[in-house]
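Spelled out from the first residue to the last, the chains are:
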Amino acid sequence: MVTNDSHPAHHHAVTELCAEGTRLYADALRTGRVSRGDIEPAPCLLEFALLHPDPDDANWLRPVPPSIALAQRLHPLEREIQERRQLSIELVDSFDPFITISTQDTTESHAITVLEGFDRINSALNSATAECHTEMLTIQPGGGRPADALDQALKRDRPLADRGVTIRTLYQHTARHSQGTLAYVDRITGGKIQVRTLEELIERLIVIDRTVAFIPASDDRRVALELRHPGIVEYLSRVFEQLWERAVPLTQEIPYNAAPDGITGVQRSIAKLLIEGHVDEAIARRLGMNVRTCRAHIAKLAAALGSGSRAQLGYLIAQSGLLEKEPALSTGGDEA
């Protein structure tokens, strides 16, 4: 788009007057007028009403005094400010009765808070842990955690340990092979963190002082719930304690002993999930291992049962009575 054959249109705000427009307007103020031909490179001067036709000669333009031009620009802004101030007063008046009602009992309204986005989730976690005085319980399913997640956890957790807060964490057995996870545990000062592992865990969970809990609310973990209802938090704390009693301290070896048929406890867990209809990816996620390792265990399970196909494997698992046997894992032991 062009204003004439030689000068393309240019767009900018009046607060960002172009260099040519600035020069021509200043010249017009000094000399009292400017020719129409001279302002062709700066059509913005007419667009912003900084010039008006000379009543004595149509070939010339006279400058609008800057005080008048400024007042013309400020007037609608000031009117809008006044309108918004009035709107804010009306909003306060309309919500005031509801605020009075809500302040009578705010405990229930803050029982569940939805946190969207990693920044908001981490901010809420950091705020809650900063106020932690006695105990933090965490469940971290999956294998080794990413380095950035461990660094963030270390910054959040080490001050807790330094001031005497008890930290108990549950990982899955596969985390024992993660150097990053083991290094994180070592870097918490004085062994003040207790760690145990289980073969399979529920979803991620953090409970702080038995008063607030955090759980994921989406598969990608970009949404979380902050829970402050006493009943919900107590229930989740009891779930943690039951899992803790079954778990193996990190300082102890996992007493996996293959059964006489050569099938290990891990493979027995995989067999159970196969029977329930889970695909390889879901089984690997549940047991905190990568898909390749999971499929290697499935192959060993198939070989032990003499299966030639996936469909036959499910049948042989059901017929073998494998899942009726006592698990080969002992979960006793002292505290980590």
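Everything here concerns the structure above.
Residues numbered from 1 in each chain as written. Predicted model: local features only at pLDDT ≥ 70, side-chain atom pairs only at ≥ 80, totals over all residues. Heavy atoms only, no water.

Asks: Before we go on, may I ask you to explain the side chain of H173 in this structure?
Replies: Its place among the elements puts H173 in the loop between β6 (166-172) and α6 (179-187). Given the relative accessible area of 7%, H173 is considered buried. A distance of 2.7 Å separates polar atoms of two side chains, one belonging to H173 and the other to T197. (Helix = DSSP H or I, 4+ residues; strand = E, 2+ residues; numbered from the N terminus. Buried < 20%, exposed > 50% of the residue type's maximum accessible area, 1.4 Å probe, protein only. Polar contact = N/O pair within 3.5 Å; in protein donor to acceptor, adjacent residues only side chain to side chain.)

Asks: Teacher, can you tell me more about the nonpolar core here?
Replies: M136, Y184, I208 and F214 are the most contacted members of the largest nonpolar core, which totals 25 residues. Of all the secondary structure elements, the ones that give two or more residues to this core are α4 (118-130), α5 (147-162), β6, α6, β7 (193-198), β8 (205-208) and β9 (212-216). No other element matches the 5 residues that α5 contributes to this core. Beyond its immediate stretch of four places on either side in the chain, F214 contacts L115, A124, L125, A128, R204, L205, I206, I208, L225 and E226. Among the nonpolar cores identified, the runner-up in size contains 17 residues, and A271, L273, M289 and I317 belong to it. (Core = buried A, V, L, I, M, F, W, Y, C linked by side-chain atoms within 4.5 Å. Contact = heavy atoms within 4.5 Å.)

Asks: Could you clarify how one ought to interpret the packing of aromatic side chains in this entry?
Replies: How two aromatic rings sit relative to each other is set out by the distance from centre to centre and by the angle between their planes. Tallied over the full model, the rule gives 1 aromatic pair. A ring pair is formed by F240 and W244, whose centres lie 5.7 Å apart and whose planes are at 20 degrees; its orientation type is stacked. With F240 and W244 both in helix α7 (residues 230-246), this residue pair falls 4 residues apart, about one helical turn. Residue class for F240 comes out buried when judged on its relative accessible area of 1%. The ring of W60 carries R33 above its face, with NZ or CZ at 3.8 Å from the centroid. (Phe/Tyr/Trp six-rings, centres within 6.5 Å; stacked < 30°, edge-to-face > 60°. Lys NZ or Arg CZ within 6 Å of the ring centre and 35° of its normal.)

Asks: Explain the sheet that holds strand β11 (residues 248-249) to me, please; I cannot follow it from the model alone.
Replies: Strands pair in a sheet through their backbones, by hydrogen bonds, and they do so in one of two ways: parallel or antiparallel. One open sheet holds the 8 strands; their spatial order is β4-β10-β9-β8-β5-β6-β7-β11, and the pairing between them is mixed. Where the open sheet ends on each side, the last strands, each with one partner, are β4 (112-116) and β11. Direction of pairing for β6 relative to β7: parallel, over a ladder of 6 bridges. The partner of Q172 across the bridge, within β7, is L198. The strands touched by α7 within the sheet are β4, β5 (135-140), β6, β7, β8, β9, β10 (223-227) and β11, with β6 carrying the most contacts at an inclination of about 65 degrees. (Pairing = 2+ DSSP bridges. Axes fitted to C-alpha atoms, helices over the stretch in contact; angles between N-to-C directions.)

Asks: Explain the environment of I275 to me, please; I cannot follow it from the model alone.
Replies: As for its placement among the helices and strands, I275 is situated in helix α8 (residues 265-275). The class for I275 is partly exposed, based on a relative accessible area of 41%. Sequence separation of I275 and L313 is 38 residues, and the distance between their C-alpha atoms is 9.3 Å. Residues in contact with I275, not counting those within four places in the same chain, are G314, I317, A318 and L323.

Asks: Sorry, what's going on with the sheet that holds strand β1 (residues 34-35) here?
Replies: Read from one edge of the open sheet, 3 strands run β1-β3-β2, paired in antiparallel fashion. In this open sheet, the two edge strands, each paired with only one partner strand, are β1 and β2 (51-53). Looking at chain direction, β1 and strand β3 (residues 60-63) are connected through 2 bridges and run antiparallel. Its bridge partner being in β3, V34 is matched across the sheet by L61.

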